[in-house]
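Here is how the chains run, residue by residue.
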Amino acid sequence: MIMASPAAPQDKFTSPYGSWKSPITADVVSGANKRLGGIAVDGDGRLVWLETRPAESGRGVLVRGSDKAGGEPIDITPEGFSVRTEAQEYGGGDFKISGHTLLFSNYSDQRLYKQSISSGDPSPVPITPDYGEQAVRYADGVFDSRFDRYVSVREDCRESSLNPSTTIVAIDLSEKKIQEPKVLVGGNDFYSFPRVDPKGERIAWIQWSHPNMPWDKAELWVGYISENGFKDTLELTSKMKLPSKISTSAFVLLVVILHFWSLQLNQSGLPEVPSVIVCQLVEQFCNRGNYISLLTEKVGFGISTDGIESSNEVVAIHSLDAEFSKPLWVFGISSYEFLQIGGQKELIICSYRQNGRSYLGILDVVNGSLSALDIPFTDINNISSGIDCFYIDGASVVHSLSLAKVTLDDHKSEVVDFKIIWSSSGDISEYKLYFSLPELIEFPTEVPGQNAYAYFYPPSNPIYQASQDEKPPLLLESHGGPTDEARQSLNLSIQYWTSRGWAFVDVNYGGSSGYGREFRERLLGRWGIVDVNDCCSCAKFLVDSGRVDGERLCVTGGSAGGFTTLAALAFKETFKAGASLYGGMPKFESHYIDNLVGGENDYFERSPINFVDKFSCPIILFQGLEDKVVPPEQARKIYQALKEKGLPVALVQFEGEQHGFRKAENIKFTLEQQMVFFARVVGHFKVADDIAPIKIDNFD
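Treat the numbers as computed from the prediction; the structure is a model and nothing was measured.

Analysis parameters
Residues numbered from 1 in each chain as written. Predicted model: local features only at pLDDT ≥ 70, side-chain atom pairs only at ≥ 80, totals over all residues. Heavy atoms only, no water. Phe/Tyr/Trp six-rings, centres within 6.5 Å; stacked < 30°, edge-to-face > 60°. Helix = DSSP H or I, 4+ residues; strand = E, 2+ residues; numbered from the N terminus. Buried < 20%, exposed > 50% of the residue type's maximum accessible area, 1.4 Å probe, protein only. Polar contact = N/O pair within 3.5 Å; in protein donor to acceptor, adjacent residues only side chain to side chain. Salt bridge = Lys/Arg side-chain N within 4 Å of Asp/Glu carboxyl O. Pairing = 2+ DSSP bridges. Axes fitted to C-alpha atoms, helices over the stretch in contact; angles between N-to-C directions. Expected span 1.5 Å × (residues − 1). pLDDT = per-residue confidence, 0-100. Contact = heavy atoms within 4.5 Å. Disulfide = S-S within 2.5 Å.

A. Looking closely at the packing of aromatic side chains. Following the criterion strictly, the structure yields 31 aromatic pairs and no others. Centre to centre, the rings of W205 and W221 are 6.4 Å apart; their planes meet at 10 degrees, and the pair counts as stacked. Placement of the pair is W205 in strand 15 (residues 202-208) and W221 in strand 16 (residues 219-225), with a sequence separation of 16 residues. The pair formed by W205 and W221 is uniform in burial state, with each residue classed as buried. Plain terms: the ring middles of F571 and F611 are 5.6 Å apart, the flat faces sit at 70 degrees to each other, and that makes the pair edge-to-face. On the criterion of sequence distance, the pair formed by F571 in helix 5 (residues 560-571) and F611 in the loop between helix 7 (600-606) and strand 37 (619-624) is long-range, its members being 40 residues apart.

The structure is reproduced here in structure tokens:
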């Protein structure tokens with residue numbers, strides 16, 4: 001272990017960039033790479049969270065906070081179980097808690113299991129049929145106490161894994177004998193956020209169809225549940241699509257006023273107007289005011305009261321030029337929650353993003369005011385309401401992904417206590433002196449007058465420095481999605497590079513979230529052009545400003561970022577080497593490419609595999625052999641084509657890995673092999689770590 005203290009420049013060792021020693025090893029990074037899969041509060045007010053553990057081969061474990069202050073958290077997922085759904089391949093919404101009853105998806109068979117988290121026998125019991133394979137998946141469910149059942153999104157791949165059917169189903173919890181779930185809603189391509197009102201009389205859900213993604217165009221529907229529950233042939237006596245005349249521009253929190261007693265529920269009588277773009281429904285219908293809340297994209301709506309009984313209105317309770325949610329790539333997003341105030345829900349705690357930064361606020365439902373709260377996190381994911389407090393998971397430039405308990409004052413206007421109760425990286429204070437703090441940069445793109453954004457991390461090490469006439473090599477990362485977002489948070493994977501003398505830049509190219517709808521829609525019809533151009537423009541900007549070495553520019557990316565990486569290497573000459581990590585198009589995205597690219601000819605012209613002759617620099621590929629999003633054959637084809645062309649190329653294939661690597665040993669290996677690959681082919685330095693390099697075809 002290197003023990004460091006701040007050193008004056010004259011006291012530092014002078015060594016080439018990229019060759020510096022660092023205690024932030026690949027073992028440290030892989031061990032600190034826990035993921036959060038959701039948070040909830042049980043009947044006793046204790047926080048429960050889902051963490052994915054690389055040290056246990058990516059096993060998903062539900063953990064409950066201790067009953068005693070300062071006590072250790074308790075695992076509530078027994079050995080032999082892993083909490084994880086594969087619905088839509090990306091998962092999310094893996095579990096739900098009501099009181100002391102837990103329902104969760106088990107990874108190995110994708111069945112739903114019921115577990116008591118308060119009794120002496122916590123053994124999970126299956127409640128859905130065993131189909132003999134992982135062909136039926138469940139996600140994003142909710143308890144329906146009226147009929148003692150569980151309402152959930154179901155993805156059924158039994159007839160077709162390429163085009164599975166998605167429905168909203170009900171699973172009976174009262175019967176000891178496992179029964180086939182009953183379909184409540186079907187016929188559309190996708191569903192999310194099924195939510196039942198407190199009396200069990202109505203159900204709301206979000207649906208959308210190809211070729212749209214949920215952030216492009218989605219619909220909010222509400223249906224009445226029949227009096228006899230399962231006994232009726234039709235579970236929904238009637239349903240309606242909530243009309244909207246919304247012209248969308250940016251994520252904003254809305255409230256839907258639902259006055260059911262005066263509405264004529266004749267679907268054909270509803271006006272045909274553009275549907276609302278919906279991002280999130282709250283956990284349940286609010287008991288107060290007969291309304292439900294949702295997130296959508298609009299600025300400028302006014303506030304409405306409960307006095308409107310004849311119209312089915314969608315109105316904003318607050319207008320702000322910000323994004324109140326994020327693209328629905330996974331189920332179970334929870335970026336706002338109602339706070340319990342005197343037994344009634346009157347305030348909403350919400351997160352929102354402006355210019356790539358998260359903020360936390362209290363929204364008063366009655367007067368529509370939004371008050372910002374001062375907290376250390378600059379990146380916020382999920383929120384869950386507790387007893388006299390709430391919980392958030394988030395991060396900042398000095399906090400890795402963490403869970404925090406937040407307590408407000410009596411007026412619910414200021415934070416009086418902010419306590420981190422879990423961190424994905426554990427205690428990393430010993431590495432603090434090595435951390436490189438990001439700088440938000442705005443750079444010009446190839447389109448005159450349009451800029452894009454990135455987080456630039458300069459090399460940082462308290463012991464080493466390079467000679468004054470040397471500039472550092474650069475690793476540029478292209479994020480996935482492609483509508484995802486590079487975020488300003490402490491990431492040890494990035495610090496692994498910068499503490500060894502690399503510069504690192506995380507790019508938010510046109511098409512990324514966090515900067516408004518217009519910015520995100522730059523990519524429509526131009527995927528493989530805008531993202532590639534922006535990444536190259538960012539690298540050029542850093543070279544022109546004298547911050548990096550233009551002869552040692554490398555690019556990396558996973559999933560959609562892998563596509564951008566390969567396209568940049570095939571169609572541009574900016575980068576000298578690249579690393580591509582997985583990527584692909586499942587059914588969830590299968591028509592998304594129609595909007596992002598266009599016709600078949602456009603797709604052909606932008607596919608790097610069709611233009612192998614244009615590649616001119618070394619490439620390393622990493623692929624999971626159980627990846628259902630991108631078939632491993634794609635990586636093999638690219639590898640073989642580059643090998644035959646005579647370019648330096650390497651292919652690493654991982655047994656038991658899927659889309660994104662979850663096992664600690666594979667996370668470590670990928671990081672180390674990227675480092676040594678780039679050092680050998682373009683770096684002109686020797687890495688300080690003892691890493692055995694893999695063979696590079698056409699190089700070794």
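B. The environment of S545, seen in detail. As for its placement among the helices and strands, S545 is situated in the loop between helix 4 (530-544) and strand 35 (553-558). Note on S545: relative accessible area 39%, which makes it partly exposed. Of the polar contacts made by the side chain of S545, one reaches the backbone oxygen of F541; its length is 3.0 Å. Among the polar contacts made by the side chain of S545, one reaches the main-chain carbonyl oxygen of L542 at a distance of 3.0 Å.

C. Fine view of the pattern of salt bridges. For the structure on display, the rule yields 30 salt bridges. The salt bridge involving D44 is made with R46; its shortest N-O contact spans 3.0 Å. A salt bridge links R353 to E485; its shortest N-O distance comes to 2.6 Å. Of this pair, R353 sits in strand 23 (residues 344-354) while E485 sits in the loop between strand 33 (474-478) and helix 2 (492-498), placing them 132 residues apart in sequence. For E485, a relative accessible area of 8% translates into the label buried. Through salt bridges with shared partners, a single ionic network connects K34, E51, R53, E56, R59 and D75.

D. Looking closely at the sheet that holds strand 28 (residues 402-408). Sheet architecture is open: 4 strands sit in the order 26-27-28-29, paired in antiparallel fashion. In this open sheet, the two edge strands, each paired with only one partner strand, are strand 26 (379-385) and strand 29 (415-423). Strand-to-strand, the axes of this sheet are offset by a mean angle of 25 degrees, without reference to chain direction. As defined by bridge partners, strand 26 adjoins strand 27 (residues 390-395) across 6 bridges and the pair is classed as antiparallel. Counterpart to I380 in the pairing with strand 27 is G394.

E. Representation of helix 9 (residues 664-683) within the structure. With 20 residues, helix 9 extends 26 Å between its outermost C-alpha atoms, agreeing within 8% with the 28 Å of an ideal straight helix rising 1.5 Å per residue. Summarising burial for helix 9: 16 of the 20 residues are buried, a large majority.

F. Local environment of the confidence of the model for the protein. Looking at the protein, pLDDT values average 83 and 83% of them are 70 or higher. pLDDT under 50 marks residues 1-5. Its contacts with residues more than four places away, or in other chains, come to 15 contacts. Scored below 50 in pLDDT, residues 230-236 makes 20 contacts in the model with residues more than four places away or belonging to other chains.

G. How the structure looks around the state of the cysteines. In total, this model carries 0 disulfides according to the counting rule given. We note that C535 lacks a disulfide partner, and the nearest cysteine sulfur, in C536, lies 6.9 Å from it. A disulfide-free cysteine, C538 has its sulfur positioned 7.3 Å from the sulfur of C535, the nearest such atom.

H. A look at the sheet that holds strand 5 (residues 74-75). Pairing in this open sheet of 4 strands is antiparallel, and the strands run 2-3-4-5 from one edge to the other. Pairing within the sheet leaves two strands with one partner each, and these edge strands are strand 2 (35-41) and strand 5. Pairing geometry for strand 3 (residues 47-53) and strand 4 (residues 59-64), over 6 bridges, is antiparallel. Residue L50 lies in a different strand from strand 4, and its bridge partner there is L62.

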